[in-house]
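Per-entry structural report
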There are 2 protein chains.
Amino acid sequence: MKMIEGGVCAAQGFTAGGVHCGIRKNRSKRDLALIYSSVPATAAAVYTTNLVKGAPLIVTKKNIADGKAQCIICNSGNANTCNANGEEIAEETCALLGAKLGVSAKDVVVASTGVIGQPLDIAPIKNGLNALVADLSEDGCARAAEGIMTTDTVKKEVAVEFVVGGKTCKMGGIAKGSGMIHPNMATMLVFITTDCAISSEMLDKALKGDIQDTFNMVSVDGDTSTNDMVVVLANGLAGNKVIDKEGEDFAAFMTALNTINVSLCRMIAGDGEGATKLLECKVTGAKTKAVAKTVAKSVICSSLLKAAMFGADANWGRVLCAIGYSGADVDVNKIDVAFSSAKGTIEVCKNGSGVDFSEEKAKEILLEKEIDILVGLNDGEFDSAAWGCDLTYDYVRINGDYRT
Amino acid sequence: MKMIEGGVCAAQGFTAGGVHCGIRKNRSKRDLALIYSSVPATAAAVYTTNLVKGAPLIVTKKNIADGKAQCIICNSGNANTCNANGEEIAEETCALLGAKLGVSAKDVVVASTGVIGQPLDIAPIKNGLNALVADLSEDGCARAAEGIMTTDTVKKEVAVEFVVGGKTCKMGGIAKGSGMIHPNMATMLVFITTDCAISSEMLDKALKGDIQDTFNMVSVDGDTSTNDMVVVLANGLAGNKVIDKEGEDFAAFMTALNTINVSLCRMIAGDGEGATKLLECKVTGAKTKAVAKTVAKSVICSSLLKAAMFGADANWGRVLCAIGYSGADVDVNKIDVAFSSAKGTIEVCKNGSGVDFSEEKAKEILLEKEIDILVGLNDGEFDSAAWGCDLTYDYVRINGDYRT
């Protein structure tokens, strides 16, 4: 498998685009994105577990109940959530786009991101559709990735090439993240495309399995959004024998999907609202997989640890504290902790108690942009990783005044 | 029942004091506090559920297993947690203090708060004991309250007078809070004294019952400390008939205890690290008590809502979002939300959707120091409250550089 360019347009038959249609006031910011497959694709999606669900999720869920879709439209600037007429607006978006593209409204995936509880006007979307469809092209991934950004500071796109049954397949994805990021069973907005042929059952299985170790292990602020959604479209144009059971081909597909997803997780966490650092907590030696995951997620979610990392302060007691309240079954007297970055690794805690270490060396390590928090539980064979970011002044600034 | 002065010294037979002994470098900061009852007292305590527990908690638990104690010693500046010799140090503290006061080491409650994972030297404690005991007086509550402060900016003390079986009883408490505040089954450090006569069984029952609706409903940052502890000493000097069963007397005791605890909760939340505002989420109309509590706690814990409150931004979508991911069984289409303060009340959401409201009026309300977030679930008869604070630049500053 190798990393390639092109994002969601890397796979055969996919084009994308993004325009400014007027949902956002800033005219230089694209606010409407489109991804299109030249042929109908197998589709799978996962959604937020938040009981308050964005209207677009409800409509999308209905539309891809048959395991098929051909395009994805997404606006930024308004979440279309907690609005009395939200579903109507989402349905109308699908109908209008379907008519323009000559596909059924039922083959449209619709998504929204932005402020909750402000009515979404259909007018800018309706008026922007001609320009949006005209913008579709094989080099349009960057424009689509821009169209779904909110407080994100960088576009998030990735693609890989892999082989299934002797055929070269491609898979790519884009994502938006930044704030309200603490996905549970689904995540922020992630759109993945592939030309690999795969049955809708196996696509669903692949997606639902992988997100447990990828997007569900990311947290920026502990808030699970109302609009989280990951969608994969697989159009089969690679010509491989359809993957319809477990085995070597499915394993190759899972590896590609995991590579795309881990890559997007790191981008989302590293570009968390206000973040200056990407944090990865790597847990090893857990009694069970569940323990490893609970510990990793608890550490990455600790506000106190996140603030310490912002200050490059090796305050490892906060790591122990977060493990202790996680609810996971661990032996606190066996826990080792180390901090690691491009500048090296430093052990700070052994068997649950502090060890002497150089504060100077620790500071040098923690001043880097990517920090690994290494937790050894010395209690079994399971491991896990979780991704997050530091807690900064800018997180407070961004969220103290988001709507204005 | 009426509010009175005196804190933990309000009840008959209790004296307190606080000195600087040298655990903290800043010589103007008291770092050692003592509360003493002239006669042995009935004692009850609750502790953190964090698996990583401070050594003092382990020693205290052993010491009050017989339901008796006579004094409380607490240092700030060092949590005495995750240290190989932590229990030895805590035991030695009890032995040294017991010898000075002429009480058994087993009747000493010991507590610590501060940085985790740094060895605690016995020398400053040993050297400070004479001055500490000499400082005991009936007006010493403020000095004891200062001695347990870490990043707290204000002392937290309260006292009430109440009647049990025709006898006037008094009860008072002090607390430290500020950061790493998200108690679970116990809380930060809270020391309560009363001269009411009550059996250890009923005292234990009163405390364990009340904290579920008081301290366990406070969150500053979602981090459950390793050293949380609430201790009550009841020395019986009020002369009332010993409370040894449920009934009118126990109810009067519970009301007094709840008043003390709610009062301290509000002080702790309002003085959360970096806080500029006290937030109270009042939930009504829940299907069950558990639903009401889960919703209130989830709203008060949302980083996004906390930041919005800092910015006086009526971003009620974040309230809905936090209710939705709380895991509580609610009907999202019945939820009403309003913001309230000394400047008035403004309804922002009705039946799960936004209503038109004056942003100007909302801003005026949210610029106050104490904000109520009113959530009507319209789904039953149960209610609950939770306390927290806003998320500010200062929280990040304080915790980005805590150890140095």
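Here we summarise the structure given alongside this text. Counting starts from 1 at the beginning of each chain's written sequence and moves along it residue by residue. Chain labels run from A onward and ligand labels from 1 onward, assigned in the order the entries are written. In view of the model being predicted, local features appear only for residues whose pLDDT reaches at least 70, and side-chain atom pairs are presented and counted only at 80 or more, with totals across whole chains, interfaces and linings using the full set of residues. With hydrogens and water stripped out, all remaining heavy atoms of the structure feed into the side-chain values.

**Describing the overall build of chain A**
- Of the regular secondary structure elements, chain A holds eleven helices and 15 strands.
- Our radius of gyration is a C-alpha quantity, and the globule rule it is checked against amounts to 2.2 Å times the number of residues to the power 0.38. In terms of overall dimensions, chain A is globule-like: its C-alpha atoms have a radius of gyration of 21 Å, near the 22 Å expected for 404 residues.
- Here the C-alpha coordinates of chain A stretch approximately 70 × 55 × 35 Å along the principal axes.
- Within chain A, the fraction of its 404 residues that count as buried is 63%.
- Pairs of residues are marked as contacts when any of their non-hydrogen atoms sit within 4.5 Å. Relative to all contacts within chain A whose residues are 6 or more apart in sequence, the contacts with residues 24 or more apart total 81%.
- Total accessible area on chain A stands at roughly 13900 Å², and carbon and sulfur atoms take up 50% of it. By definition, any uninterrupted DSSP run of H or I lasting at least four residues is a helix, any uninterrupted run of E lasting at least two residues is a strand, and each is numbered from the N terminus. When accessible area is computed with a 1.4 Å probe and restricted to protein chains, residues below 20% of their type maximum are described as buried, those above 50% as exposed, and intermediate ones as partly exposed. Here the accessible surface of atoms and residues is derived via Shrake-Rupley with a 1.4 Å probe, and residues count as covered only by protein chains that are part of the display.

**Let's talk about the relation of the copies chain A and chain B**
- Least squares is used to superpose the copies, and the fit set is the C-alpha atoms of residues whose pLDDT is at least 70 in both copies. Between chain A and chain B, the superposition needs a rotation of 180° and an axial shift of 0.0 Å, giving an RMSD of 0.0 Å. Between the two chains, the operation in question is that of a two-fold axis. When C-alpha distances to the rotation axis are compared across chain A, the minimum falls at A:Tyr393, with a value of 2.5 Å.
- Looking at the interface residues of chain A, 100% of them are also at the interface in chain B, so both copies use one shared face.

**Structural notes on the interface of chain A and chain B**
- Counting residues at the interface gives 53 residues for chain A, matched by 53 residues for chain B.
- The salt bridge definition used is simple: a Lys or Arg side-chain nitrogen within 4 Å of an Asp or Glu carboxyl oxygen. Inspection of the chain A/chain B interface yields zero salt bridges.
- A 3.5 Å cut-off defines polar contacts: any pair of N or O atoms within that distance qualifies, except that in protein one atom must be a possible hydrogen donor and the other a possible acceptor, and neighbouring residues in sequence count only when both atoms are side-chain atoms. Where chain A meets chain B, there are twelve residue pairs in polar contact (both at pLDDT 80 or more).
- The element best represented in the side of chain A that touches chain B is helix 11 (residues 393-400) of chain A, accounting for six residues.
- As a working rule, the residues Ala, Val, Leu, Ile, Met, Phe, Trp, Tyr, Cys and Pro are called nonpolar, Asp, Glu, Lys and Arg charged, and the rest polar, with Gly in that last group. In terms of residue class, the side of chain A that touches chain B is made up of 24 nonpolar, 20 polar and nine charged.

**Quick word on the environment of A:Met1**
Residue and element names in this part refer to chain A.
- One can find Met 1 in the segment before strand 1 (2-4).
- Spatially, the C-alpha atoms of Met 1 and Val 46 are 25 Å apart, while their sequence positions differ by 45 residues.
- In this structure, Met 1 is in contact with Val 160, Glu 161, Phe 162, Thr 255, Ala 256 and Thr 259, ignoring residues within four places of it in sequence.

**Side note on the sheet that holds strand 14 (residues 370-376) of chain B**
Residue and element names in this part refer to chain B.
- The pairing criterion is simple: DSSP has to find at least two bridges between the two strands. Strand order in the open sheet formed by six strands is 13-12-11-14-10-15, and the pairing between neighbours is mixed. A single partner strand is all that each edge strand has here, and the edge strands are strand 13 (353-354) and strand 15 (382-389).
- The pairing of strand 10 (residues 278-286) with strand 14 spans seven bridges and is parallel. Bridge pairing in strand 14 places Val 283 opposite Val 375.
- Orientation is described by lines fitted to C-alpha atoms, with helices fitted over the stretch in contact, and by angles between N-to-C directions that extend from 0 to 180 degrees. Where helix 10 (residues 359-366) meets the sheet, its contacts fall on strand 11 (336-341), strand 12 (344-350) and strand 14, and the angle it forms with strand 12 comes to roughly 125°.

**Some thoughts on the packing of helix 7 (residues 289-301) of chain B against helix 9 (residues 317-324) of chain B**
Residue and element names in this part refer to chain B.
- The N-to-C vectors of helix 7 and helix 9 enclose an angle of 130°; their axes lie 8 Å apart at closest approach. Taken together, the axis directions place helix 7 and helix 9 in an arrangement best described as oblique. Note that helix 7 runs across helix 9; the crossing there is right-handed. Of the residues in helix 9, those in contact with Val 295, Ser 298 and Val 299 of helix 7 are Val 319, Ala 322 and Ile 323. The cut-offs work like this: below 35 degrees is roughly parallel, past 145 is roughly antiparallel, 65 to 115 is roughly perpendicular, and the gaps in between are oblique. Here a crossing is called left-handed whenever its near helix is offset anticlockwise from the far helix by less than a right angle, and right-handed whenever the offset is clockwise.

**Things to note about the sheet that holds strand 10 (residues 278-286) of chain A**
Residue and element names in this part refer to chain A.
- Pairing within the open sheet is mixed, and its six strands lie in the order 13-12-11-14-10-15. Since the sheet does not close on itself, it has two edges, and those belong to strand 13 (353-354) and strand 15 (382-389), each with one partner.
- For strand 10 and strand 15, the ladder comprises seven bridges, and the chain directions are antiparallel. Its bridge partner being in strand 15, Glu 280 is matched across the sheet by Trp 387.
- Strands strand 11 (336-341), strand 12 (344-350) and strand 14 (370-376) of the sheet are contacted by helix 10 (residues 359-366), whose axis makes an angle of about 125° with strand 12.

**What about the pattern of salt bridges?**
- Counted under the stated rule, the structure contains 36 salt bridges over all chains.
- Of the charged contacts in the structure, one is a salt bridge between B:Lys156 and B:Asp271, with a shortest N-O distance of 2.6 Å. With B:Lys156 in strand 6 (residues 156-164) and B:Asp271 in the loop between helix 6 (248-270) and strand 10, this pair connects stretches of sequence that are 115 residues apart. As far as the burial class goes, B:Lys156 and B:Asp271 line up, both buried.
- Put simply, A:Lys287, A:Asp329, A:Lys334 and A:Asp379 are held in one network by salt bridges that share partners.

**Overview of the packing of helix 11 of chain A against helix 11 (residues 393-400) of chain B**
- It is the contact of helix 11 of chain A with helix 11 of chain B, at a shortest axis distance of 8 Å, that shows an interaxial angle of 170°. Of the possible angle classes, the one that applies to helix 11 of chain A and helix 11 of chain B is roughly antiparallel. Contact residues: helix 11 of chain A offers A:Tyr393, A:Val396 and A:Arg397, while helix 11 of chain B offers B:Tyr393, B:Val396 and B:Arg397.
- Partitioning the contact of helix 11 of chain A with helix 11 of chain B into residue classes produces four nonpolar, no polar and two charged.

**Notes on the environment of B:Ser303**
- Inspection of the secondary structure assignment puts B:Ser303 in helix 8 (residues 303-310).
- Since its relative accessible area comes to 12%, B:Ser303 is described here as buried.
- Between the alpha carbons of B:Ser303 and B:Gly222 there is a distance of 9.3 Å; along the sequence they are 81 residues apart.
- When residues no more than four places from it in sequence are discounted, the contact partners of B:Ser303 are A:Asp221, A:Asp223, A:Tyr395 and B:Leu391.

**A few points about helix 8 of chain B**
- Counting buried positions over the eight residues of helix 8 of chain B gives seven, a clear majority of the element.
- With its phi angle positive at about 50°, B:Ala312 sits one or two positions after the end of helix 8 of chain B.

Spatial relationships are all this shows, so hold off on functional conclusions.
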